[in-house]
Amino acid sequence: MADGTSWNSHLTSKGIQVRLQFGWSPRLPMVLQTEAAECGLACLAMIASYHGHDIDLADLRRRFSSSLKGVTLSRLMAMAGQLGFTCRPLKLDLDHLSELRMPCVLHWDLNHFVVLKRVVRGSVIVHDPGRGVRKLRIREVSDHFTGVALELTPGADFSRVQARQAVSLRALTGRVRGLIPALTQILLLALALEVFVLAGPFYLQWVLDQVLVAADHDLLTLLGLGFLGITIFSALITAARSWAVTWLGATLNVQWTSNLFSHLMRLPLDWYEKRQVGDVVSRFGSIQTIQRTLTTQFVGSLLDGLMSLVTLMVMAFYSVRLTLLVSGLFVVYGLFRWGFFNPLRRANEDQIVCAARQQSELLESIRGAMPIKLANKQNERLLRYVNAAVSTANRDIGIERLSIAFTLSNQLMFGIGRVVLIWIAATLALNNNFSAGMLIAFIAYADQFITRAAGLIDKWVDFRMLKLHAERVADIALTAPEKMAGTAWSGPIPEASIEMRNVSFRYDEGEPWIFKHCNLHVEAGESVAIVGPSGCGKSTLAKLVLGLLEPTEGEVLYGGIDIRKLGLDTYRQWIGAVMQDDQLFAGAITDNISFFDQEAMPAEVEAAARIAAIHDDIMAMPMGYQSLVGDMGSSLSGGQKQRLILARALYRSPQLLVLDEATSHLDMQREKAINDAIKQFSVTRVVIAHRSETIRVANNVALIENKKIRIIENSPW
């Protein structure tokens, strides 16, 4: 029997990728994680939705903060308790897995959480936030399950609510210009084309029933000329519509991707830190899928619905009985499509996630080429990439298998239906209830109706599938931008003093405090060196000063004014920074120093380079300041990259300069020259350093110790 002993360990949850499931269902939904370590939240979202508290990951993130370290089991229980669940942690072996109250949470691979859905006939079905729905044999489960489970039961405070954030197309794509006029133009062209197509079968009917019977050559010529004109106009309208669709698609693609990228650039720093690059890139592919579907299929679906009704009414004039037969085929097709929808949706969802993981493996291996070579881990990285590629290929094969099965069923159904239809229509013609021309025309209209009606259902399915892509794009588009970034400051420019007042900070409610009630004040024009052991929070302090992180408690002041009141965009106009993980960008050296400033003056660029002691290195290069830095500065040494980034910070003529180990790659002579040069400027400095040469230059030394910051009066440096 499973035992009810409390298991309050520091089990952490980490995982991979994102999906928000739309609409509540009594079945267990599949929620894929977006952030790298939110599998606990995703599991909680699945179980809450199963019991009727329909909530998505975005809302859970707003209510319960998390960090890259994941959440502990005790923290997961606390979050579940706030949603109204009664929690029962258990430690058990595989033999008692079926006795758990499902769905429940399982601790997996020592660093992950999954949801146990069902145990049946020696197999276990789990909803893995990182990989999707998985069916495993018991012996496979033993390789992953750690023996810890968490049952969640709705308590007295639990309530069924619809807490999911609505997603609109406008929210995903931003403002788009010219959409309505372009769609109207395409609709009118397509409508005219459909009218010409609808007239086609009459040509065959009139030739068979009028021309051949009466041997009327003049009527044949008249009909030929008339329908020849229809054919020419139809071809011209088709070309015009194709051009309009192409133009609209290109225009929407530029506007939508630009809007999404603009929003992406305004997201807070921790959003980027919690996601994989390949997954973010794949979300931009989703916006293109949405655009293609809407531009090429939206108008078509409207017309298919309209013209299928018109075609049905025309068919009814020929024969109501045959029209009912054709309508029955359409209904059967709709049932087939509905039956295949959920498996196809799950297959597409898994394929998108696996493709994103494969792309992440590729990008990560390219970026890490040097350490991979140095460690002789090429084969290991190849194995990881091949495994990801095989997973993607298997999902592609699964989609194709479903498509082939559906196509086979579709061809058999419509093929048999067409044979029966022709047989019945021919029987009517033999009984003189149908003419030969009417038979040909009716079959043509029946084919048109089936094609249009089936196309309408197919497009409806495609639109339903768009939710997969919309949910992925929503992770970018619906994430709130950096707080107070665009606040306008209309007052005078404050003096360049910086102050941390009663600041406390931690990354997550369940994690320990990094700072607790800390105070630090640096007067305008002065400098402070921040020292302390590795991991004490020096880089975190720099990010707080720069507004990249928001204090959990307290405030950061610039010139006596909260930087949130100044507006982060305004505040950052007055500061320069060199961080440990700063990057260069593909382009020339002068572009990187000026950060691609279109109005950059060569003299100002050179002046910043001289202060950063990189000018002589640049002039020794064949192209001087026009030399290319390569991908992320790959053509430069570590010291050159660091000095170039320092020159970029100095080019801004900042009033506040934050340096996080900015000279760690330099020799002592260059470090001293840079420190002496910077010291000549009236700029407030916050310097994080370990070297005594840099620390001595500061007016004060602040030590981070025991979550506190204190000024060292008699510094040993």
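Residues numbered from 1 in each chain as written. Predicted model: local features only at pLDDT ≥ 70, side-chain atom pairs only at ≥ 80, totals over all residues. Heavy atoms only, no water.

**Concerning the nonpolar core**
- Membership of the largest hydrophobic core comes to 38 residues, with the highest contact counts inside it found for Ile589, Ile593, Ile618, Leu644, Leu646, Leu659 and Ile678.
- At the level of elements, strand E9 (527–531), helix H17 (589–594), helix H18 (602–611), helix H20 (638–651), strand E13 (656–660), helix H21 (668–679) and strand E15 (700–705) are the ones that each hand at least two residues to this core.
- When residues of this core are assigned to their parent elements, the largest contribution, 7 residues, is made by H20.
- Not counting residues up to four positions away in its chain, the partners in contact with leucine 644 are Leu584, Ile589, Asn592, Ile593, Ile618, Val629 and Leu636. (Core = buried A, V, L, I, M, F, W, Y, C linked by side-chain atoms within 4.5 Å. Buried < 20%, exposed > 50% of the residue type's maximum accessible area, 1.4 Å probe, protein only. Helix = DSSP H or I, 4+ residues; strand = E, 2+ residues; numbered from the N terminus. Contact = heavy atoms within 4.5 Å.)

**So, the UniProt feature "transmembrane region" (unreviewed entry) in the protein**
- As annotated in UniProt, the feature "transmembrane region" (unreviewed entry) corresponds to residues 179–199, 219–240, 298–318, 324–341 and 412–430 in the numbering used here.
- In residues 324–341, helix accounts for 100% and strand for 0%; the two terminal C-alpha atoms are 26 Å from one another.
- The span residues 412–430 is 100% helix and 0% strand, and its two end C-alpha atoms sit 27 Å from each other. (UniProt positions renumbered as here; feature names shortened; annotations may be inferred.)

**Concerning the environment of leucine 329**
- Considering the arrangement of structural elements, one finds leucine 329 in helix H10 (residues 320–367).
- Here leucine 329 falls in the buried class, since its relative accessible area comes to 15%.
- Other than its neighbours up to four places away in sequence, leucine 329 contacts Met413, Phe414, Gly417 and Ile450.

**Looking at the pairing of E15**
- As paired elements, E9 and E15 share 4 bridges and run parallel to each other. Considered in E15, the bridge of alanine 529 is made with valine 701.
- With 5 bridges connecting them, E15 and strand E16 (residues 708–712) associate as antiparallel partners. Looking across to E16, one finds that alanine 702 is bridged to isoleucine 711.
- If you look at the hairpin formed by E15 and E16, you'll find 2 residues sitting between the two strands, and asparagine 706 has a positive phi there, around 55°. (Pairing = 2+ DSSP bridges.)

**Things to note about the packing of H10 against helix H12 (residues 378–430)**
- Interhelical geometry of H10 versus H12 gives an angle of 170° and a closest axis separation of 9 Å. One element, H10, and the other, H12, form an angle in the roughly antiparallel class.
- Across the contact of H10 with H12, the residue classes break down as 28 nonpolar, 9 polar and 9 charged. (Axes fitted to C-alpha atoms, helices over the stretch in contact; angles between N-to-C directions. Parallel < 35°, antiparallel > 145°, perpendicular 65-115°, else oblique. Nonpolar A, V, L, I, M, F, W, Y, C, P; charged D, E, K, R; others polar.)

**Here we look at the packing of aromatic side chains**
- Counted under the stated rule, the structure contains 8 aromatic pairs.
- Centroid distance tryptophan 271 to tyrosine 272: 5.4 Å. Interplanar angle 85°. Geometry classified as edge-to-face.
- Overall, the relative accessible area of 30% leaves tyrosine 272 in the partly exposed class.
- Taking the centre distance of 5.3 Å and the plane angle of 65° together, the rings of tyrosine 558 and tyrosine 571 count as edge-to-face. Within this pair, whereas tyrosine 558 is found in strand E10 (residues 553–558), its partner tyrosine 571 is found in helix H16 (residues 568–571), the two being separated by 13 residues in sequence.
- A cation sits over an aromatic face here: lysine 516 above tryptophan 513, 3.7 Å from the ring centre. (Phe/Tyr/Trp six-rings, centres within 6.5 Å; stacked < 30°, edge-to-face > 60°. Lys NZ or Arg CZ within 6 Å of the ring centre and 35° of its normal.)

**Observations concerning unusual backbone geometry**
- Going from methionine 102 to proline 103, the amide bond is cis rather than trans, its omega being 5°.
- Mapped onto the elements of the fold, proline 103 is located in the loop between strand E1 (85–91) and strand E2 (104–108).
- With a phi angle near 70°, leucine 110 is a residue other than glycine that sits in the positive phi range.
- In this structure, leucine 110 sits in the loop between E2 and strand E3 (112–120).
- Phi angles above zero are rare outside glycine, and phenylalanine 595 is one such case at about 55°.
- In this structure, phenylalanine 595 sits in the loop between H17 and H18.

**Overview of the sheet that holds strand E12 (residues 575–578)**
- Judged by pairing direction, the sheet is mixed, and its 6 strands sit side by side in the order E12-E13-E14-E9-E15-E16 without closing on themselves. Two strands lie at the open edges of the sheet, namely E12 and E16, each paired on one side alone. Going from strand to strand, the sheet's axes swing by 20° on average, the running direction of each strand aside.

**A look at the sheet that holds strand E5 (residues 132–137)**
- Across the sheet, which stays open at both edges, the 6 strands sit in the order E1-E6-E2-E3-E4-E5 with antiparallel pairing between neighbours. The open sheet has two free edges, formed respectively by E1 and E5, since each of these has just one partner strand. Neighbour to neighbour, the strand axes of the sheet diverge by 30° on average, direction disregarded.
- Where E2 and strand E6 (residues 145–154) come together, 4 bridges link them in antiparallel fashion. In the strand pairing of E6, cysteine 104 is matched with glutamate 151.
- Across the sheet, helix H1 (residues 39–50) is in contact with E1, E2, E3, strand E4 (123–128) and E6; its angle to E3 comes to roughly 35°.

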